[in-house]
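For reference, the chains in residue letters:
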Amino acid sequence: EKEGYPHFMLKEMNEEPKAVSDTLSPRIKDGKIVIDELNMTDEQIRAVKKIFIVACGSAYHTGVTGKYVMEGLARIPVEVDLASEFRYRNPILEEGTLVIVISQSGETADSLAALREAKSRGIATLGIINVVGSSIAREADNVMYTWAGPEIAVATTKAYSTQLIALYLLSIHFAEVRGKISADQTAGMIEDLKQLPEQISMLLSHQTSIQKFANRYLAAEHVFFIGRGIDYAISLEGSLKLKEISYIHSEAYAAGELKHGTISLIEDGRLVVAVMTQPQLFKKTLSNVVEVKSRGAFVMAVTTVGNTEVEKVADYVIYIPETNPYFANSLAIIPLQLFGYYVSIGRGLDPDKPRNLAKSVTVE
Ligand code: F6R
């Protein structure tokens with residue numbers, strides 16, 4: 001059932017263009033975003049005062065991106081919470097709060113408990129779920145399915161990519177209903193969204209060069225991922241992908257935080273992955289790249305096509321195609337997933353079954 005691929009993870013990464021397209025296209029009708037399954041009236045959407053996004057692991061990372069997109073477009077305050085923290089901290093859930101639970105499996109124990117906590121307090125809930133009929137899908141007031149299809153590899157790839165799409169669609173829809181964006185802006189974003197599957201395919205076609213680069217870093221002991229804003233959210237996931245399947249220690253840092261501690265860990269040859277897709281933050285992160293370079297780091301940068309000045313400071317540059325900056329995660333994560341995969345197999349590990357990890361965490 002691996003269909004000729006050596007691992008499920010590689011197969012599932014190659015399924016990302018289709019998964020993204022399947023999640024996106026049924027919700028674009030006549031140039032408009034239509035989320036049929038969302039049982040929220042425009043009035044209810046306008047009444048939302050605050051959103052909690054609650055999830056675990058990679059799903060939490062999509063939530064961090066979702067916060068930037070929802071706040072940026074719909075101007076609704078969003079708090080992102082780890083489900084295992086949310087459920088035990090007696091969160092302040094007032095009228096007008098919407099709790100969004102994101103989960104591939106729909107069975108993660110902490111995410112399910114967080115959902116139940118919100119429901120028991122009379123708060124509206126929405127699940128972004130991949131497995132049809134799973135516990136969270138059944139219990140949430142509303143469900144928006146991601147159509148990634150079955151995901152077997154322990155490290156999520158295609159489900160992550162579809163969760164991002166669901167969050168973009170929801171953010172644009174909320175922004176429209178609340179009158180925060182114009183019809184033209186929506187149309188422009190829909191055009192950008194429609195291009196994502198093809199752009200992802202293009203990025204996947206660079207597998208050999210990423211593998212070559214990954215092979216130079218098989219013996220790394222520590223890796224740092226840095227970025228600001230959505231680039232920080234991308235860094236969180238890039239770092240998790242690498243460490244969970246390669247067993248190399250890695251950390252994601254908001255680039256501006258480097259000076260507050262981590263930069264002392266930068267030394268000769270240390271690999272730093274810099275994510276620089278956000279135009280308004282580009283120069284800021286570039287200056288952090290200069291700082292780590294001058295302390296001997298080896299820098300791999302992921303940036304948008306055209307930002308050739310990165311080549312003057314970084315050692316290896318991966319370009320992603322132009323898109324709306326809110327959607328950059330969908331493109332920048334592809335080379336980082338590939339990087340994690342190739343480091344893992346280069347080290348002789350099985351990326352599909354990392355030690356101590358289970359696909360679905362149904363215990364606390
Ligand atoms: C990492 C990964 C995990 C899951 C997390 C939540 O690659 O897959 O971090 O994202 O265990 O699982 P779901 O989405 O099933 O709730």
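The coordinates are above.
A brief look at the structure comes next. Computed from a prediction, not measured in an experiment: that's the story for all the values here.

This part covers the packing of aromatic side chains. Counting across every chain of the model gives nine aromatic pairs. Their ring planes at 40° and their centres at 5.4 Å tell us that Y217 and F298 sit as a pair that is tilted. Of this pair, Y217 sits in the loop between α10 (207–215) and β8 (222–227) while F298 sits in strand β11 (residues 298–304), and the two are 81 residues apart along the sequence. Of the two residues examined, Y217 and F298, each falls in the buried class. Clustering of aromatic rings is evident, with ring pairs tying together F213, Y217, F298, Y316 and F339.

Attention now moves to the pairing of β11. The buried count for β11 comes to seven of seven residues, which makes it a mostly enclosed element. Both faces of β11 are covered, namely the face carrying F298, M300, V302 and T304 and the face carrying V299, A301 and T303. Pairing of strand β10 (residues 271–276) with β11 involves six bridges; the strand directions are parallel. If you follow M276 over to β11, its bridge partner there is T303. Sheet topology places β11 next to strand β12 (residues 316–320); five bridges connect them, and they run parallel. Note on β12: the bridge partner recorded for V302 is I318.

Not every positive phi belongs to a glycine, and N90 is a case in point at roughly 50°. Its location among the elements puts N90 in the loop between α5 (83–86) and β5 (97–103). Relative accessible area serves as the criterion here: at 58%, N90 is assigned to the exposed category. One non-glycine residue with positive phi stands out, namely Y247, at about 65°. Considering the arrangement of structural elements, one finds Y247 in the loop between α11 (230–246) and β9 (249–254).

Let us now look at the sheet that holds strand β6 (residues 124–129). Here five strands make up an open sheet; going across it, the order is β4-β3-β5-β6-β7 and the pairing parallel. Two strands in the sheet have a free side with no partner beyond their single neighbour: β4 (78–82) and β7 (142–145). Strand-to-strand twist of the sheet, defined as the mean angle between neighbouring strand axes without regard to direction, takes the value 20°. Where strand β3 (residues 50–55) lies against β5, five bridges are found, and the strand directions are parallel.

Two numbers describe how helix α8 (residues 158–177) lies on helix α13 (residues 328–346): the axes approach to 10 Å, and their chain directions differ by 170°. On the basis of the axis angle, α8 is roughly antiparallel to α13. On α13, the residues touching Y160, S161, L164, I165 and Y168 of α8 are N329, S330, I333 and Q337. Classifying every residue of the contact of α8 with α13 by side-chain character gives five nonpolar, four polar and no charged.

Another aspect to go through is the packing of helix α4 (residues 57–74) against α11. Running from N to C, α4 and α11 cross one another at 170°; their axes reach a closest spacing of 8 Å. When the axis of α4 is compared with that of α11, the two are roughly antiparallel. Within the contact between the two elements, α4 uses G57, S58, H61, V64, T65, Y68 and V69 and α11 uses I230, A233, L236, E237, L240 and K241.

Conventions we followed
Residues numbered from 1 in each chain as written. Predicted model: local features only at pLDDT ≥ 70, side-chain atom pairs only at ≥ 80, totals over all residues. Heavy atoms only, no water. Phe/Tyr/Trp six-rings, centres within 6.5 Å; stacked < 30°, edge-to-face > 60°. Helix = DSSP H or I, 4+ residues; strand = E, 2+ residues; numbered from the N terminus. Buried < 20%, exposed > 50% of the residue type's maximum accessible area, 1.4 Å probe, protein only. Pairing = 2+ DSSP bridges. Axes fitted to C-alpha atoms, helices over the stretch in contact; angles between N-to-C directions. Parallel < 35°, antiparallel > 145°, perpendicular 65-115°, else oblique. Contact = heavy atoms within 4.5 Å. Nonpolar A, V, L, I, M, F, W, Y, C, P; charged D, E, K, R; others polar.

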